[in-house]
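Here are the chains, one letter per residue:
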Amino acid sequence: MAKKKSREPSPPSAAAKDGAMTRDRLIELLNEDLAREFQAIIAYVVYSQVIKGAAYMAIAKELEVHAGEELSHALVIAKQIDYLGGQPTVQPKPVKTSDKAEAMLRFDLQNETDTIRAYRDRVRQCEELGEFAMAEHIREILMDEQEHQIDLATALSEDVPRT
Ligand SMILES: [Fe+2]
Ligand SMILES: [Fe+2]
């Protein structure tokens, strides 16, 4: 099946301007997002199974749902990297471990907060490059990440962190 690829280099005007977004820079940033999605998949798969204690059973089930959503995000991000002519990474960001349920939930909450911050930037950067459909895909992912953040903050009886 023919694949639509756009491999044109960034226009010189965009490249010349200091700090301007380019397609190559966007590929790098999306690869960081993909590494964060892989990290989230691993954390949710493992934490959902090892979290113990009656108080945490509901959130453990919820973490299983998150794992599946993170996988679908990883697929969307990998597709965007491929579309831009980049090579999707195979390396997750490191996953922390703990035998304490609360610590695991805190790691997840911190990661979701970092992820939300990154995707907000990414929406703006996609739009700066005229990649409006890509920005729309990332907005959809962002909605899921905000739900994840709320689930985790609620399970920890905390306010949702300001991002
Ligand atoms: Fe995600
Ligand atoms: Fe998430």
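Residues numbered from 1 in each chain as written. Chains lettered and ligands numbered in written order. Predicted model: local features only at pLDDT ≥ 70, side-chain atom pairs only at ≥ 80, totals over all residues.

Across its full length, the protein holds 5 helices and 0 strands. Across the 163 residues in the protein, those meeting the buried criterion constitute 28%. (Helix = DSSP H or I, 4+ residues; strand = E, 2+ residues; numbered from the N terminus. Buried ≥ 20, exposed ≤ 12 C-beta atoms within 10 Å, placed from the backbone.)

Now for helix α4 (residues 101–128). Between the first and last C-alpha of α4 there are 41 Å, a value that for 28 residues agrees with the 40 Å anticipated at 1.5 Å per step. Listed in full, the buried residues belonging to α4 are M104, L105, D108, L109, N111, E112, T115, Y119, R122 and C126. The inward-facing, buried residues of α4 abut α2 (23–50), α3 (57–83) and α5 (132–155). (Expected span 1.5 Å × (residues − 1). Contact = placed C-beta atoms within 7 Å.)

Among the structural elements, R23 can be located in helix α2. Here R23 falls in the partly exposed class, since 19 other C-beta atoms lie within 10 Å of it. Remark: the alpha-carbon pair of R23 and G85, spanning 62 residues in sequence, is separated by 9.0 Å.

The interhelical angle for the contact between α2 and α3, taken along N-to-C directions, is 160°, at an axis separation of 8 Å. Here α2 is positioned roughly antiparallel relative to α3, judged by the angle of their axes. The hand of the α2/α3 crossing is left-handed. In terms of residue class, the contact of α2 with α3 is made up of 17 nonpolar, 5 polar and 4 charged. (Axes fitted to C-alpha atoms, helices over the stretch in contact; angles between N-to-C directions. Parallel < 35°, antiparallel > 145°, perpendicular 65-115°, else oblique. Left-handed = near helix turned anticlockwise from the far one by under 90°. Nonpolar A, V, L, I, M, F, W, Y, C, P; charged D, E, K, R; others polar.)

What follows covers the nonpolar core. Residues L34, Y44, Y47, A74, I77 and L105 are the most contacted members of the largest nonpolar core, which totals 22 residues. Secondary structure elements with two or more residues in this core: α2, α3, α4 and α5. Non-local contacts of Y44, meaning those with residues more than four positions away in its chain, are made with L63, H66, A67 and E70. The next biggest cluster of nonpolar side chains, apart from the first, holds 5 residues, and it includes Y119, C126, I138 and I141. (Core = buried A, V, L, I, M, F, W, Y, C linked by C-beta atoms within 7 Å.)

With respect to the secondary-structure elements, L152 resides in helix α5. Sequence separation of L152 and Q110 is 42 residues, and the distance between their C-alpha atoms is 9.6 Å. In this structure, L152 is in contact with L105, D108, L109 and E112, ignoring residues within four places of it in sequence.

The subject of this paragraph is α3. Owing to its 3.6 residues per turn, the α-helix brings residues three or four apart onto one side. In this model α3 runs 40 Å from its N-terminal to its C-terminal C-alpha over 27 residues, within 8% of the 39 Å that 1.5 Å per residue would give. Where α3 is concerned, the buried positions are I59, L63, H66, E70, H73, A74, I77, A78, Q80 and I81. Where α3 is buried, its residues contact α2, α4 and α5. At the exit of α3 stands G85, carrying a positive phi of roughly 90°.

Another aspect to go through is the confidence of the model for the protein. Taken as a whole, the protein shows an average pLDDT of 91; of its residues, 89% reach a score of 70 or greater. Within the model, pLDDT remains below 50 along residues 12–16, and this stretch shows 4 contacts once partners closer than five positions in the same chain are excluded. (pLDDT = per-residue confidence, 0-100.)

Now for the packing of α4 against α5. Geometry of a packed helix pair, given as the angle between the helix axes and the separation of the axes. Interhelical geometry of α4 versus α5 gives an angle of 160° and a closest axis separation of 9 Å. Judged by the angle between their axes, α4 and α5 are roughly antiparallel. Considering how the two elements wind past one another, α4 and α5 form a crossing that is left-handed. Grouping the constituent residues of the contact of α4 with α5 by class yields 15 nonpolar, 5 polar and 7 charged.

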